[in-house]
Amino acid sequence: MLFTGKIIRSTVRHLKDWAKSSETVRSILYDLRNSEGFGDLYEHEKMLADRARVDAYVEAIKRLVQPEHVVLDLGTGTGLLAMLAARRGAKRVYAIDHSKFIEIAKLVARCNGIDNITFVQQNSRSFSPPEKIDIIVHEQLGDALFNENMLENLFDLKRRVLKTTGRILPGRFELFLEPVSLKPAHSVPYLWENSIDGLEFKPLRDNAALRPYQLSNHGTRFIPVGAVSHFLGRPAPVLTLDVNEVDDIKAVPTTFQQRRSVVQGGTMDGFCLYFRADFDETTSFGISPVEVPATFRSWGNTLFRAPQHRYVSGDEITYRVVLSELTDPSTWSVVLT
Ligand SMILES: C[S@@+](CC[C@H](N)C(=O)[O-])C[C@H]1O[C@@H](n2cnc3c(N)ncnc32)[C@H](O)[C@@H]1O
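Described below are features of the structure shown in this document. Computed from a predicted model, the values in this text were never measured in an experiment. (Residues numbered from 1 in each chain as written. Predicted model: local features only at pLDDT ≥ 70, side-chain atom pairs only at ≥ 80, totals over all residues. Heavy atoms only, no water.)

## A look at the overall build of the protein chain
The helix and strand tally for the protein chain stands at six helices and 17 strands. Expressed along its principal axes, the backbone C-alpha trace of the protein chain runs to roughly 70 × 70 × 35 Å. Counting across all 337 residues of the protein chain, residues that qualify as buried make up 45%. For the protein chain, restricting intrachain contacts to residue pairs at least 6 apart in sequence, the fraction spanning at least 24 positions comes to 77%. As presented, the protein chain carries roughly 17800 Å² of accessible surface, and 55% of it is formed by carbon and sulfur atoms. For the protein chain, the distance from the average position of its 41 positive side-chain charges to the average position of its 41 negative side-chain charges is 4 Å. (Helix = DSSP H or I, 4+ residues; strand = E, 2+ residues; numbered from the N terminus. Buried < 20%, exposed > 50% of the residue type's maximum accessible area, 1.4 Å probe, protein only. Contact = heavy atoms within 4.5 Å. Areas by Shrake-Rupley, 256 points an atom, 1.4 Å probe, with all protein chains shown as cover. Lys, Arg positive; Asp, Glu negative; His and termini not counted. Charge placed at Lys NZ, Arg CZ, Asp CG, Glu CD.)

If you want it as structure tokens, here you go:
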């Protein structure tokens, strides 16, 4: 009996170790893909062209970084945020990036006569600076807000290297999944919603024969800037999270019930995913699909599709949002209730 108990305990321990290591393997594979993805000019040129994004960082760093601050730029890329902090007169600036592209950041700093940044090519989760940090600046925001490992990387640095009085910029995030009507030029109904010159596709609704032809991402579509005609209701964040106040990804809720009263009628195509990021009460940026920027936008919006339905003013739309794994939007669901 004693022997059996020992075997069970040891098996459970091994299973736990295995689960932990597979999580680690997943994380390592993600980092490899990420550093490869940011390893050439393509993404960096897009990010610099996004002036709404860049201007928000310029303004926030100018206002919030002080000469007594030790600053860490997590994922420095072209070195932009580190150089802004250095020019602001920060006491010391550490700029880290796991990508070889950091060589370009060093070159840009040199060309600008900036020589007080310590550049380190390393993953943030294995980086330990010789002193505690006052300000972490970062831009680790994915199209689905959390899908570039932002929370894991920030919570790790917060735990290990940020002063208790320190601050993460930007730190407050709002995630939206808002019922929208698309402009006709962008609206794509499901196959079974078509009726063309007397030909009906409706009988195919829920037909099992379609299943082999339905990709796993059939429920979502990437939509270009300017595709949304209007919100049906008044937008409200599904989730608001301040990483300066929370310490653990497990503390973030993942299931939400939502209700919108329709204020502008129209055909609903689905729920548009977007976010807002705040540095403080004054400076923020976001990718609302109805605020079409004057310059290039480096992020895109995803539509979680819904059966097309016409709503009129005063109707109620209720829906349930489940973000099973925060870092993986392919596990998210948005369902009318
Ligand atoms: C979205 S880009 C932002 C680049 C730059 N900060 C900017 O705002 O233009 C994110 C950068 O973070 C880097 N990165 C992502 N995860 C990282 C990690 N865990 N450790 C170090 N660098 C990381 C990527 O290689 C990439 O250069």
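## As for the packing of aromatic side chains
Under the defined criterion, the tally for this structure stands at ten aromatic pairs. Their ring planes at 55° and their centres at 6.3 Å tell us that Tyr94 and Phe127 sit as a pair that is tilted. Highlighted residues: Tyr94 in strand β2 (residues 92-97) and Phe127 in the loop between β3 (117-121) and β4 (133-138), separated in sequence by 33 residues. Looking at Tyr94, the relative accessible area reads 6%, which means it is buried. Pairing Phe176 with Tyr274 gives two aromatic rings, centres 4.4 Å apart and planes at 0°, and the pair type is stacked. (Phe/Tyr/Trp six-rings, centres within 6.5 Å; stacked < 30°, edge-to-face > 60°.)

## Quick word on the site of the ligand
With respect to spatial proximity, 20 residues lie near the ligand, and among them Asn34, Arg53, Gly75, Asp97 and Ser124 are the closest. Within the contact set of the ligand, a nitrogen atom lies 3.2 Å away from a backbone nitrogen or oxygen of His98. Expressed as a share of its isolated accessible area of 600 Å², the protein-covered part of the ligand is 99%. (Near = heavy atom within 4 Å. Polar contact = N/O pair within 3.5 Å; in protein donor to acceptor, adjacent residues only side chain to side chain.)

## As for the packing of helix α3 (residues 51-64) against helix α4 (residues 80-87)
At a closest axis distance of 9 Å, the pairing of α3 and α4 adopts a crossing angle of 30°. Considered as vectors, α3 and α4 are oriented roughly parallel to each other. Crossing geometry of α3 relative to α4 is assigned as right-handed. Taken together, the residues of α4 that come into contact with α3 (itself represented by Arg53, Val54, Tyr57, Val58 and Ile61) are Leu80, Leu81, Leu84 and Ala85. The class makeup of the residues in the contact of α3 with α4 is eight nonpolar, no polar and one charged. (Axes fitted to C-alpha atoms, helices over the stretch in contact; angles between N-to-C directions. Parallel < 35°, antiparallel > 145°, perpendicular 65-115°, else oblique. Left-handed = near helix turned anticlockwise from the far one by under 90°. Nonpolar A, V, L, I, M, F, W, Y, C, P; charged D, E, K, R; others polar.)

## A short note on the side chain of Asp269
When you line up the elements, Asp269 lands in strand β13 (residues 266-278). The side chain of Asp269 sits in the buried core without any salt bridge; Arg305 is the nearest counter-charge, 7.7 Å away. Separated by 2.7 Å, the side chains of Asp269 and Gln308 make a polar contact. Contact partners of Asp269, with chain neighbours within four places excluded, come to Val180, Ser181, Leu182, Ser187, Leu303, Arg305, Ala306 and Gln308. (Salt bridge = Lys/Arg side-chain N within 4 Å of Asp/Glu carboxyl O.)

## A closer look at the pattern of salt bridges
On inspection of all chains with the given rule, the structure shows 16 salt bridges. Between Arg172 and Asp278 there is a salt bridge, with the nearest N and O atoms lying 2.6 Å from each other. Within this pair, whereas Arg172 is found in strand β6 (residues 172-182), its partner Asp278 is found in strand β13, the two being separated by 106 residues in sequence. Overall, Asp278 belongs to the buried group, its relative accessible area being 12%. Among the salt bridges present, the one from Glu178 reaches Arg260, with a minimum N-O distance of 2.5 Å. One end of the pair, Glu178, is in strand β6; the other, Arg260, is in strand β12 (residues 255-261), and 82 residues separate them in sequence. The same class applies to Glu178 and to Arg260, which are both buried. A single salt-bridge network, built from bridges that share partners, covers Asp31, Arg125 and Glu152.

## A closer look at the sheet that holds β12
Reading across from one edge, β12-β16-β17 is the order of the three strands in this open sheet, with antiparallel pairing throughout. The sheet terminates laterally at β12 and β17 (332-336), the two strands that pair on one side only. Recorded for the sheet is a direction-independent mean angle of 20° between the axes of neighbouring strands. As paired elements, strand β16 (residues 316-323) and β17 share five bridges and run antiparallel to each other. Bridge assignment links Tyr319 to a residue of β17, and that residue is Leu336. (Pairing = 2+ DSSP bridges.)

## Here's the deal with the pairing of β3
In the sheet, β2 pairs with β3 via five bridges, with the strands oriented parallel. In the strand pairing of β3, Ile96 is matched with Val120. This β-α-β element, β2 to helix α5 (residues 102-111) to β3, shows right-handed connectivity. (Right-handed = clockwise from strand over helix to strand, strands pointing away.)

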